[in-house]
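# A structural walkthrough
This is what each chain is made of:
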Amino acid sequence: MDNKKINISVMGLGVVGLVTGLSFAKHGHAVIGVDIDKEKIDKLNRGIPPIYEPQLKELLDESLKGKLIRFTDDSREAIINSRVIFITVGTPSLPTGELDLSYIEKVARDIAEHINEYKVIVEKSTVPVKTGEKLERTIKRYLKKDIAFDVISNPEFLREGSAVYDALHPSRIIIGTTSLRAREIMSELYKDFNSPILYTTVTSAELIKHASNSFLALKISFINAVANICERVGADITEVAYGLGMDPRINPHFLNAGLGYGGSCFPKDVEAFYKLAQEVGYDFTLLKEIQKINQNQKDKFLQKLQEELWIFKDKTIGILGISFKPDTDDIRESPSIYIMKKLLENGAHIKAYDPKAMENAKKVLPNVEYCNTPYEVAHNADALLIITEWEEFKNLDYAKIKQLMRQSVVLDGRNILNPEQIRKLGFIYRSIGRP
Ligand code: UDX
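Below: a short report on this structure. Only a predicted model underlies this, so the values are computations on that prediction, with no experimental measurement involved.

### Notes on the pattern of salt bridges
Oppositely charged side chains may form a pair once their charged atoms are brought near each other. For the structure on display, the rule yields 31 salt bridges. Here Asp 61 ties to Lys 57 by a salt bridge, and the two come within 3.1 Å at their closest N and O atoms. Pair noted here: Asp 61 and Lys 57 are both in helix 3 (residues 56–65), with a separation of four residues, about one helical turn. Judged by its relative accessible area of 33%, Asp 61 falls in the partly exposed class. Classification of Lys 57 as partly exposed rests on a relative accessible area of 38%. For Arg 70, the salt bridge identified is with Glu 77, shortest N-O distance 2.6 Å. According to the relative accessible area criterion, Arg 70 is partly exposed, its value standing at 37%.

### Side note on the packing of aromatic side chains
One pass over the full model with this rule turns up ten aromatic pairs. When the ring of Tyr 261 is compared with that of Phe 266, the centres are 5.9 Å apart and the planes differ by 80°; the resulting orientation is edge-to-face. Here Tyr 261 and Phe 266 have matching classes, each one buried. Chaining the aromatic ring pairs together yields one cluster made of Phe 24, Phe 86, Tyr 190 and Phe 193.

### Remarks on the site of the ligand
Around the ligand lies a shell of 19 residues, among which Phe 157, Glu 160, Asn 256, Gly 262 and Lys 325 are the nearest. Within the side chain of Glu 156, an N or O atom sits 3.2 Å from an oxygen atom of the ligand. Contact with the protein chains removes 93% of the 670 Å² of surface that the ligand exposes when unbound. The leading source of residues in the shell around the ligand is helix 9 (residues 202–233), at three residues. When grouped by side-chain class, the residues that make up the shell around the ligand number nine nonpolar, four polar and six charged.

### Considerations on the side chain of Lys 300
Inspection of the secondary structure puts Lys 300 in helix 12 (residues 285–309). With a relative accessible area of 16%, Lys 300 lands in the buried category. Residues contacting Lys 300, with those up to four places away along its chain left out, are Asn 228 and Glu 231.

### Some words on the packing of helix 9 against helix 10 (residues 237–245)
Packing of helix 9 against helix 10 brings their axes to within 9 Å, and their N-to-C directions diverge by 135°. One element, helix 9, and the other, helix 10, form an angle in the oblique class. Regarding helix 9 and helix 10, the two cross each other, and that crossing is right-handed. Facing Ile 223, Val 226, Ala 227 and Cys 230 of helix 9, the residues of helix 10 in contact are Ile 237, Val 240, Ala 241 and Leu 244. Looking at side-chain class alone, the contact of helix 9 with helix 10 contains eight nonpolar, no polar and no charged residues.

### Quick word on the sheet that holds strand 9 (residues 316–320)
The six strands are arranged 11-10-9-12-13-14 in an open sheet whose pairing can be described as parallel. Sheet topology places strand 11 (369–370) and strand 14 (428–430) at the edges, where each strand pairs with a single neighbour. Set on the sheet, helix 12 makes contact with strand 9, strand 12 (383–386), strand 13 (409–412) and strand 14; between it and strand 13 the angle comes to about 170°.

### A look at the environment of Val 107
Mapped onto the elements, Val 107 comes out in helix 5 (residues 102–114). In this structure the C-alpha to C-alpha distance between Val 107 and Gly 12, which are 95 residues apart in sequence, comes to 9.4 Å. Not counting chain neighbours up to four residues away, the residues in contact with Val 107 comprise Met 11, Ile 87 and Val 89.

Cut-off values and rules
- Residues numbered from 1 in each chain as written.
- Predicted model: local features only at pLDDT ≥ 70, side-chain atom pairs only at ≥ 80, totals over all residues.
- Heavy atoms only, no water.
- Salt bridge = Lys/Arg side-chain N within 4 Å of Asp/Glu carboxyl O.
- Helix = DSSP H or I, 4+ residues; strand = E, 2+ residues; numbered from the N terminus.
- Buried < 20%, exposed > 50% of the residue type's maximum accessible area, 1.4 Å probe, protein only.
- Phe/Tyr/Trp six-rings, centres within 6.5 Å; stacked < 30°, edge-to-face > 60°.
- Near = heavy atom within 4 Å.
- Polar contact = N/O pair within 3.5 Å; in protein donor to acceptor, adjacent residues only side chain to side chain.
- Areas by Shrake-Rupley, 256 points an atom, 1.4 Å probe, with all protein chains shown as cover.
- Nonpolar A, V, L, I, M, F, W, Y, C, P; charged D, E, K, R; others polar.
- Contact = heavy atoms within 4.5 Å.
- Axes fitted to C-alpha atoms, helices over the stretch in contact; angles between N-to-C directions.
- Parallel < 35°, antiparallel > 145°, perpendicular 65-115°, else oblique.
- Left-handed = near helix turned anticlockwise from the far one by under 90°.
- Pairing = 2+ DSSP bridges.

If you want it as structure tokens, here you go:
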């Protein structure tokens, strides 16, 4: 079975689908990317990625050049020509907090209609436990012929901003299936990834995904809660987190106190996990507390700003960072958007800069003055808020910024500046959980 090329398709070309497909193309498999958005398909076939993600453009160019990936809106053709079908369509939140699984169900019906021979159908989108069973049932009910297939779960753990790296170097590969036939195909597919593979049942694999994201969110909220104690007792959260992380049972990752988590996954997944627990009769109140602490971080930050400025009306407030984290243009559930909205509601004038996310921000917050540089943001500002820890914000000429500002107030929501150095320049400086 050396270097066996497997034909695969990925249904849904958001960040997960696109990057997953490209990672298999990189390993020599033949990939068809499917999406209903014709404009996106057309762009992708011409080598234009729909989102910003480091290394994405390079990998796309390389895969197109090697004819290892192509994009289409014809799901029938993709289904017929694939051995493995990855379902990577969106699962947006409903107003109730549950996930909208209608796109997934639609793919299941499409597969049932066009399936021509044995396929492995892979649930990759984040879904509640037991979705695999529902997928299987739906496909069986709509099947017209007696054709074998396996529905398996293979959750993704891609971080935005390093999605390509994560897809090529997964920390672990979870394959949820009890079918030996599907297992064999999946292990062949992942053979060259050099990452540990864990085989589980479908249900366990589904649960691993929600539990992982909720646990990471828990770490963030925990450290933010401790940061609040630090502020009250005069301790320094960076020292405390460092000391905590030295214990290998805790580890140093995901202990950065700040404005909390945002993005397309954690907020949605914690809520969906809570709803799922409720549905199966368990009141997972810890998850509610995680959410409460996360929300509180943003409100407390605004409170600190108010302590400094007293009144927001007619003040000019500079915002550095709009994306929910660095190295992405994604603004979904970004603390920056929440904070800007609140300030606008209170009559402030907002100037903002982000290296990648301004085009997306303009669509939701047209009343903000978008600037070309951080220095333009600082010009005549009453306060400067650092909201996303983009690398370039760490090395700005803060002496120059001081000269440009109307009042020298800096609020650092991600603890990226050295308090001593910045205060030496004459700034009033406040951060998270540091004296
Ligand atoms: C996350 C998971 O990491 C990934 O495995 C999953 O598949 C999708 O969700 P992502 O949303 O891209 O990925 O971002 P991540 O790097 O995990 O950060 C999430 C949020 O937590 C960001 O808003 C980040 O700013 C915040 N965060 C992270 C902290 O506030 N403190 C930390 O110590 C770490």
